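# Inside the fold
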Amino acid sequence: MDLTISVLKADVGSIGGHTKPSDRMMDAVRAAADRAIKDGLLIDAYVGHTGDDICITSTHTRGDNDERVHQFAWDSFIEATEIARQYGLYGAGQDLLVDAPSGNIRGAGPAVAEITFDHDPVKTNPLRPAESFFVLAADKCGPGAYNLPMFLGFADPMYCAGLMLPRLGDGFTFNIIDMDNTDGDSLISLNAPEDYYKITVLLRDNERFAIESIVSRYSGQTAAAISATRLHNIAGSYTGKDDPVAVVRNQGIFPAPEELISPYTKAHFIGGDARGSHVMPLMPVAINTAVTGMYCLPLVSCVGFSINGEGKFSESSTDFFDNPAWDYTRQLAQEKGIAMRSQGWSGAAMLPYGELEYSGFRQSIGDLVARFAIRANGHQPAEAEAMVTGDND
Ligand code: 13P
Ligand code: MG
Ligand code: MG
């Protein structure tokens, strides 16, 4: 069958600041997911939160961008918003940027990552005798938070020894979106390994370019899909950070989960954090962790699933970062965070002006920029030019 994994995420309110949703909100979304399973819309669903973002991971047979599946997620987020309002939570309905989405909810505020594939997990299936995948959810992050770890996991044998094996060795295609182009989805496809350097030229800019999907060149199968949009481009003003989600299929023709998560040991610096305006390291955490660190130390969770022949999840899931193996990285993230915070507002500690332009910081900077004046009798550009050309007599 054609099976779709849909990961749908929104921040619709949180307790005591941008920390976590309430239990009541989580219960409401879980109950809505159970109803959708009972009604036959979904085959299975898992609901968790990372910081203040509620994330629904679901399976169904309706394909990507399905209106009914997206509407179910929207309605669930509306229900949670109403609870957030009732109990006075902060930022109720924060990511629901339109009154009602038309068709699917892409571009309406929530983050969406989906993959549809032929699902036939039998021993004789040469490509996918078993379906294994994980979902990443990051909070207090810009849209390109996964650029570095995804690239390393799918293109660098230093992180993924599997790339030295025959099938994986054919490499992967990186579909990269230019999020500054608001005319439409502006994409480029680059192939690893031969476009290795070109891919890094783009991915170094986490605020403008983000990986949207990664495809196996051996099989043509999609390995990963990432929600890559810039909330501020949709909202026109700062409403919250993008907090991307990703669905990543693994094992067999794809890298193994242990390879794909190894770059997260870096606790690499990313944009987002407090007021969506700073640079802090990404800390791997268990699912259902609140954001309580200084300057909203950004978090990423990673939950693994298997899917049986009917599209149902394994009885339980694997919480990759809920393990003492990651304690050292959490310590590292905290140390890197303290080091970065020690320089406060200076230089690399805050995002550049271009990224701040949609937030309240823009007004503060704009008001000052408007007050600058050219010094009377000072250096004049025309004179300078004349001196360079020697035409000054
Ligand atoms: P969220 O995007 O997670 O709501 O965070 C917003 C923020 O500005 C925190 O300081
Ligand atoms: Mg929030
Ligand atoms: Mg959030």
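Whatever comes next refers back to the structure up there.
The residue count restarts for each chain, going from 1 along the sequence in the order it is written. Chains and ligands are labelled by the order in which they are written, letters from A for the one and numbers from 1 for the other. pLDDT decides what is reported in this predicted model: residues at 70 or higher carry local features, side-chain atom pairs at 80 or more are listed and counted, and totals for whole chains, interfaces and linings draw on all residues regardless. Water and hydrogen atoms play no part in the side-chain values, which are based on all heavy atoms of the structure.

Attention shifts here to the coordination of the magnesium ion (ligand 2). For a metal bound by four donors in a tetrahedral arrangement, the ideal donor-metal-donor angle is 109.5 degrees, while six donors in an octahedral arrangement ideally sit at 90 or 180 degrees. Metal-coordinating donors are taken as N, O and S atoms lying within 2.8 Å of the metal, or within 3.2 Å when the metal is Na, K or Ca; because water is left out, some sites can appear incomplete. Distances from the magnesium ion (ligand 2) to its protein donors, D11 (OD), H18 (ND1) and D52 (OD), fall at 2.0 to 2.2 Å. The distance between the magnesium ion (ligand 2) and the magnesium ion (ligand 3) comes to 4.3 Å, with D52 serving as a donor to both metals. Here H18 is found in the loop between strand 1 (2–10) and helix 1 (23–38), whereas its partner D52 is found in the loop between strand 2 (44–50) and strand 3 (53–60), with 34 residues between them in sequence. Burial status follows relative accessibility: with a 1.4 Å probe on protein chains alone, a residue under 20% of its type maximum counts as buried, one over 50% as exposed, and anything between as partly exposed. Look at H18 and you get partly exposed, because its relative accessible area is 30%. By definition, any uninterrupted DSSP run of H or I lasting at least four residues is a helix, any uninterrupted run of E lasting at least two residues is a strand, and each is numbered from the N terminus.

The next subject is the sheet that holds strand 4 (residues 111–118). Pairing between two strands requires that DSSP report at least two bridges joining them. Spatial ordering of the open sheet is given by 2-3-1-4, a layout of four strands whose pairing is antiparallel. Both outer strands of the open sheet, strand 2 and strand 4, are each paired with one neighbouring strand and no more. Between one strand axis and the next, the sheet turns through 10 degrees on average, direction left out of account. Relative to strand 4, strand 1 runs antiparallel, the two being bridged by eight bridges. Within the sheet, the bridge partner assigned to D2 lies in strand 4 and is D118. Convention adopted: a line fitted to C-alpha atoms gives each axis, helices being fitted over their contacting stretch, and angles between N-to-C directions are expressed from 0 to 180 degrees.

Every buried residue of helix 4 (residues 196–203) is listed here: I199, L202 and L203. Within helix 4, the buried residues cover an arc of 90 degrees as seen down the axis, which keeps them to one side. Summarising the geometry of helix 4, the exposed residues directed more than 90 degrees from the buried face are Y197, K198 and V201. Throughout, a residue-residue contact means that at least one pair of heavy atoms, one from each residue, lies within 4.5 Å. The inward-facing, buried residues of helix 4 abut helix 3 (147–155), strand 6 (172–178), strand 7 (187–192) and strand 8 (209–216). The arc in question is formed by the directions pointing from the helix axis toward the C-beta atoms.

Each patch is assembled from residues with relative accessible area greater than 30% and no salt bridge, linking like charges that lie within 9 Å and nonpolar side chains (Val, Leu, Ile, Met, Phe, Trp, Tyr) that lie within 5 Å. Using a 1.4 Å probe, the Shrake-Rupley method yields the accessible areas, and only the shown protein chains count as cover for residues. By salt bridge we mean one thing: a side-chain nitrogen of Lys or Arg within 4 Å of a carboxyl oxygen of Asp or Glu. Together, L368, V369 and F372 line one region of the surface with nonpolar side chains, adding up to about 340 Å² of accessible area. Mapped onto the fold, L368 is located in helix 9 (residues 360–371). Assessed through its relative accessible area of 47%, L368 is described here as partly exposed.

With that settled, consider the pairing of strand 12 (residues 278–281). On any regular strand, side chains alternate: one points to one face of the sheet, the next to the other face. Here strand 12 shows no split at all, with H278 and M280 on one side and V279 and P281 on the other all buried. The loop that links strand 11 (residues 269–272) with its antiparallel partner strand 12 comprises five residues; one of these, D273, has a positive phi angle of about 65 degrees.

Quick look at helix 1 now. Expected span, for any helix, means 1.5 Å times one less than how many residues it has. With 16 residues, helix 1 ought to run about 22 Å at 1.5 Å a step, and its terminal C-alpha atoms sit 22 Å apart, in line with that. All buried positions along helix 1 are accounted for by M25, M26, A28, V29, A32, A33 and A36. The buried residues of helix 1 all sit within an arc of 160 degrees when viewed along its axis, so they share a single face. Looking at helix 1, the residues exposed on the side facing more than 90 degrees away from the buried face are D23 and K38. Taken together, the buried residues of helix 1 touch strand 2, strand 3 and helix 2 (67–86). Following helix 1 by one or two positions, G40 has its phi on the positive side, about 85 degrees.

Turning to the site of ligand 1, a few remarks are in order. For each residue, the test is whether any non-hydrogen atom lies within 4 Å of the molecule or strand; if one does, the residue is near. With respect to spatial proximity, 15 residues lie near ligand 1, and among them D11, K140, Y238, K241 and R275 are the closest. Under the rule applied, a polar contact is a pair of N or O atoms within 3.5 Å (in protein, one hydrogen donor and one hydrogen acceptor; residues adjacent in sequence only if both atoms are side-chain atoms). A distance of 2.8 Å separates an oxygen atom of ligand 1 from a polar side-chain atom of Q94. Protein contacts shield 93% of the accessible area of ligand 1, which totals 300 Å² for the unbound molecule. When residues are sorted by character, Ala, Val, Leu, Ile, Met, Phe, Trp, Tyr, Cys and Pro go into the nonpolar class, Asp, Glu, Lys and Arg into the charged class, and all the rest, Gly among them, into the polar class. Of the residues that constitute the shell around ligand 1, the class distribution is three nonpolar, four polar and eight charged.

What follows covers unusual backbone geometry. The peptide bond linking A192 to P193 adopts the cis configuration, its omega dihedral lying at 10 degrees. Mapped onto the elements of the fold, P193 is located in the loop between strand 7 and helix 4. Within the chain, A267 stands out as a residue other than glycine whose phi angle is a positive 45 degrees. Relative to the elements of secondary structure, A267 occurs in the loop between helix 6 (257–261) and strand 11. Phi at R275 is positive, roughly 55 degrees, even though this residue is not glycine. Note on R275: relative accessible area 61%, which makes it exposed.

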